[in-house]
Amino acid sequence: MSLNLMAILPEILVLLVGILVLVCDPFFKDENRRVGLGWLTAGGLTATLAISLLAGQPGQPASAWGGMVRYDWLSFAFKMFFIFAAAITALFFMDVDKLGRRAEAYVLLTASTIGMSLMASSSDLVMLYLAIETTSIPMYVLSGFMLDDQKSTESGFKYLLFGAMTSAVFLYGLSLVYGFAGSTSYEVVALKFTSLNIVSVGVLFLILVGLGFKVSLAPFHFWAPDTYEGAPSPVAGVLSTASKAAGFAVLIRLLLVGFPAMAEQWQLTLAIMAAITMTIGNLVALAQKNIKRLLAYSSIAHAGYALIGLVANNELGHLSVVFYLLAYILTNLAAFGIITAFGRIAGSDEIRAYDGMSRRSPYLALAMLIAFLSLAGMPPFGGFIAKALVFAAAVQAGWYWLVFVGIINSIVGVYYYLTTMKYVYLYRMEGENEESFPIPMSRPYVIALVVLCLGIIMVGSFFAPWFDLAGKAAMGL
Amino acid sequence: MVPVSYYLVVSVILFTLGALGVLIRRNALVVFMSIELMLNAANLAFVAFSRTFNSYDGQLFVFFVMTVAAAEVAVGLALIVAIFRSKHSIDVDQLSSLKG
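Residues numbered from 1 in each chain as written. Chains lettered and ligands numbered in written order. Predicted model: local features only at pLDDT ≥ 70, side-chain atom pairs only at ≥ 80, totals over all residues. Heavy atoms only, no water.

## Some points on the overall build of chain A
1) Next: For chain A, the helix and strand inventory stands at 21 helices and two strands.
2) Next: In terms of overall dimensions, chain A is globule-like: its C-alpha atoms have a radius of gyration of 21 Å, near the 23 Å expected for 477 residues.
3) Next: Expressed along its principal axes, the backbone C-alpha trace of chain A runs to roughly 70 × 55 × 45 Å.
4) Next: In chain A, which comprises 477 residues, the proportion classed as buried is 66%.
5) Next: Relative to all contacts within chain A whose residues are 6 or more apart in sequence, the contacts with residues 24 or more apart total 79%.
6) Next: Looking at chain A as shown, the accessible area adds up to about 15,900 Å², and 69% of this sits on carbon and sulfur atoms.
7) Next: Chain A carries 26 positive and 26 negative side-chain charges, and their two centres are separated by 2 Å. (Helix = DSSP H or I, 4+ residues; strand = E, 2+ residues; numbered from the N terminus. Rg over C-alpha atoms; globule rule 2.2 N^0.38 Å. Buried < 20%, exposed > 50% of the residue type's maximum accessible area, 1.4 Å probe, protein only. Contact = heavy atoms within 4.5 Å. Areas by Shrake-Rupley, 256 points an atom, 1.4 Å probe, with all protein chains shown as cover. Lys, Arg positive; Asp, Glu negative; His and termini not counted. Charge placed at Lys NZ, Arg CZ, Asp CG, Glu CD.)

## Section: the environment of A:Ser195
1) Next: Tracing the chain through its elements places A:Ser195 in the loop between helix H8 (186-192) and helix H9 (198-214).
2) Next: Taking the C-alpha atoms as reference, A:Ser195 lies 21 Å from A:Asn314; in sequence the two are 119 residues apart.

## Remarks on the interface of chain A and chain B
1) Next: Opposite the 41 residues of chain A that make contact, chain B presents 43 residues.
2) Next: Of all residues in chain A, the largest losses of buried area upon contact with chain B belong to A:Phe157, A:Tyr172 and A:Tyr178, amounting jointly to 20% of the total for that side.
3) Next: The tally of links from chain A across to chain B stands at zero salt bridges.
4) Next: Summed over the shared surface of chain A and chain B, the result is three residue pairs in polar contact (both at pLDDT 80 or more).
5) Next: Broken down by secondary-structure element, the contributors of at least two residues to the side of chain A that touches chain B are helix H6 (125-143), helix H7 (150-181), helix H10 (223-230) and helix H14 (291-312) of chain A.
6) Next: By residue number, the principal contributor to the side of chain A that touches chain B is H7(A), which donates 22 residues.
7) Next: Tallied by class, residues from the side of chain A that touches chain B come to 21 nonpolar, 13 polar and seven charged. (Buried area = accessible area lost by both parts, 1.4 Å probe. Salt bridge = Lys/Arg side-chain N within 4 Å of Asp/Glu carboxyl O. Polar contact = N/O pair within 3.5 Å; in protein donor to acceptor, adjacent residues only side chain to side chain. Nonpolar A, V, L, I, M, F, W, Y, C, P; charged D, E, K, R; others polar.)

## Comments concerning the packing of helix H13 (residues 263-286) of chain A against H14(A)
Packed helices, taken two at a time, are described by the angle their axes make and the gap between the axes.
Residues and elements named next belong to chain A.
1) Next: In the contact formed by H13 and H14, the axes pass within 8 Å of each other and the chain directions differ by 155°. With respect to H14, the axis of H13 lies roughly antiparallel. Regarding H13 and H14, the two cross each other, and that crossing is left-handed. In this structure, H13 uses Trp266, Gln267, Leu270, Ala271, Ala274, Thr277, Met278, Gly281, Asn282, Val284 and Ala285 to contact H14, whose residues at the interface are Leu294, Tyr297, Ser298, Ile300, Ala301, Gly304, Tyr305, Leu307, Ile308, Leu310, Val311 and Ala312.
2) Next: Across the contact of H13 with H14, the residue classes tally to 17 nonpolar, six polar and no charged. (Axes fitted to C-alpha atoms, helices over the stretch in contact; angles between N-to-C directions. Parallel < 35°, antiparallel > 145°, perpendicular 65-115°, else oblique. Left-handed = near helix turned anticlockwise from the far one by under 90°.)

## Description of the nonpolar core
1) Next: Judged by nonpolar contacts, the single largest core of 217 residues is most densely connected at A:Phe78, A:Phe259, A:Trp266, A:Met357 and A:Phe372.
2) Next: With 20 residues, the single largest contributor to this core is helix H15 (residues 315-346) of chain A. (Core = buried A, V, L, I, M, F, W, Y, C linked by side-chain atoms within 4.5 Å.)

## Focus: the pattern of salt bridges
Residue and element names in this part refer to chain A.
1) Next: Overall, the coordinates contain 14 salt bridges over all chains when judged by the stated rule.
2) Next: The salt bridge partner of lysine 79 is glutamate 11, with a shortest N-O separation of 3.3 Å. Of the two residues, lysine 79 is situated in helix H4 (residues 73-93) and glutamate 11 in helix H2 (residues 9-24); the sequence distance between them amounts to 68 residues. We note that lysine 79, like glutamate 11, is buried.
3) Next: Aspartate 226 is the salt-bridge partner of lysine 158, the closest N and O atoms lying 3.0 Å from each other. A residue pair is termed long-range when its members are at least 10 positions apart, and lysine 158 in helix H7 and aspartate 226 in helix H10 qualify at 68 residues. In this pair, the class of lysine 158 matches that of aspartate 226, namely buried.
4) Next: Each member of the salt-bridge network shares a partner with another, and the members are Lys151, Glu154, Lys158, Asp226, Glu229 and Arg293.

## Focus on the confidence of the model for chain B
The predicted coordinates of low-pLDDT regions are not to be read in fine detail.
1) Next: Averaged over all residues, the pLDDT of chain B is 91; the fraction at 70 or higher stands at 99%.
2) Next: This complex was scored by the predictor with a pTM of 0.95 and an ipTM of 0.96. (pLDDT = per-residue confidence, 0-100.)

## Quick word on the packing of H6(A) against helix H3 (residues 57-87) of chain B
1) Next: Orientation of H6(A) relative to H3(B), taken along the N-to-C sense of each, is 10°, at an axis distance of 11 Å. Our classification of the angle between H6(A) and H3(B) gives roughly parallel. Contact with H6(A), carried on its side by A:Leu125, A:Val126, A:Tyr129, A:Leu130, A:Glu133, A:Ile137, A:Tyr140 and A:Val141, involves B:Phe61, B:Phe64, B:Val65, B:Val68, B:Ala71, B:Glu72, B:Val75 and B:Leu79 of H3(B) and no other residues of that element.
2) Next: The residue makeup of the contact of H6(A) with H3(B), split by class, is 14 nonpolar, no polar and two charged.

## A short note on H2(A)
1) Next: Helix length check: H2(A), at 16 residues, gives a terminal C-alpha distance of 22 Å against a target of 22 Å (1.5 Å per residue), a fit within 8%.
2) Next: The inward-facing, buried residues of H2(A) abut helix H1 (3-7), helix H3 (33-55), H4 and helix H5 (103-121) of chain A. (Expected span 1.5 Å × (residues − 1).)

## A short note on a nonpolar patch on the surface
1) Next: Together, A:Leu5, A:Ile12, A:Leu15, A:Leu16, A:Ile19, A:Leu22, A:Val23, A:Phe27 and A:Trp65 make up a nonpolar patch on the protein surface, roughly 860 Å² of accessible area in all.
2) Next: Checked against the element boundaries, A:Leu16 lands in helix H2. (Patch = residues over 30% accessible without salt bridge, like charges linked within 9 Å, V, L, I, M, F, W, Y side chains within 5 Å.)

## Topic: the packing of aromatic side chains
1) Next: Applying the stated rule across the entire model yields 29 aromatic pairs over all chains.
2) Next: Taken together, A:Tyr129, A:Tyr178, A:Phe180, B:Phe46, B:Phe49, B:Phe53 and B:Phe61 form an aromatic cluster joined through their ring pairs.
3) Next: Above the face of the A:Tyr305 ring, A:Lys387 is positioned so that its terminal group lies 4.6 Å from the ring centre.
4) Next: In this structure, A:Lys422 is placed above the aromatic ring of A:Tyr423, and the distance from its NZ or CZ to the ring centre is 5.9 Å. (Phe/Tyr/Trp six-rings, centres within 6.5 Å; stacked < 30°, edge-to-face > 60°. Lys NZ or Arg CZ within 6 Å of the ring centre and 35° of its normal.)

## Details of unusual backbone geometry
1) Next: Between A:Ala218 and A:Pro219 the backbone carries a cis peptide bond, its omega angle lying at 0°.
2) Next: Inspection of the secondary structure assignment puts A:Pro219 in the loop between H9 and H10.
3) Next: For the bond from A:Pro379 to A:Pro380, the omega torsion is 5°, close enough to zero to count as cis.
4) Next: At B:His88, a position not held by glycine, the phi torsion is positive, near 55°.
5) Next: Summarising the element assignment, B:His88 is placed in the segment after H3.
6) Next: We classify B:His88 as exposed; its relative accessible area is 61%.

Okay, structure coming up:
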């Protein structure tokens, strides 16, 4: 097959899955619809993942489609992460009321996945802008999907408002980049943005506003808690993992390929943003009573940790960002999956509703323990190695103060993750009759959670293959 | 030919007006119009630069931006209608059931 087709093979296959879901939708009878649509999407995406891994691995980094996309390991690795996350999310969709029976939900998920994949591979400003919007617009719809739920529409609307505003600012930045480089290709931009002046600093600021929103860096993080709280839990799961990782993929490529000459400026800016992001995320998370808001602030803090690797801007740093995002996607998807499974039965996302959960469903509680310990950065789970690598990279590059802030923040994080687990394991429900309120788990949830928990443990304990993967991705820019 | 800096000044004014509108106005529809203004400011800059470089990249970009803006507004209006049905108001300040 030609290079052009190979470069977008995963996107083509994901598109086919989306079309297949739409075409098959009328043929499913009402009671089969949930099962049919959900398994079709998850199965199709898994097949996409397998085919791409077998047939689509990139060789030498190359440009395709007239320089619109790059075909290299960075884009390939991220595409695999996104498709995996989408497949798992399709499983979590299945038992959510009003979401699992609607073909549109699955199609929007695949559309957004295509956008994220293109975000990771785009090497041209036109492609970049289109990819970001292809990711965002389906996500606006999915956040506001429950039209008769006031919280869901409000969450979708807030996301849309912040998203449209920051993307307009971002676009203005792109127009200035085009104005001073005379081209929309990253390589040409790199040739033109070599000296420091008021224009290049302004452009960098406008671009960081747009991307800072996507990865929810302070001070552009305000949308995240509101949107996560109101959106359906599995949608919040994608927003906090895949969509955020896509933003990081763009940050890595745009800053390293497009603005390498201004590295000192963006390193310092991102270092300050990372420190503020971690601190705000962790401190505000301490006060949360709703578990979705708690995870929203925790995911803001995690964006800060991952950013440290990019600030370090050395080989280990780039590698550690990719590795961090891999571990984080697995962990946070699991956390939001558990909230979906529990919230469906308990009907509440308040942390107090988790009292005595370990007696109601010991296995779900165990999964939650694994996910939360990994978020807190405990060995032998993925989150530990990821944090260690990020901090090591920053030490190597001499960012000691940032590592210090990061470590203090990790300690604060451990406190609120373990406090939540205290409700799950040590507290009792009112009446102490947990046995009469079991939490039945359907098959898709069991499969998804088992895969995610195994993934978290694998990434944390047999980390060599993942380390190599991240290394390949970081080298192949 | 009018120099490119004139177009840029207009575009900066448009962008500022749009940004102020988003920050100050409380009616959701007006906020959306202000966002459109910001996008069109970028469009104007693209077209002006495109003219000076004698290349079509910028004009091409503008077409895509217009398409995306239409899609964004379609989704936004649908959400506004849903919100209006339950609240009978599209005041942005009244969207406050999510906070903490």
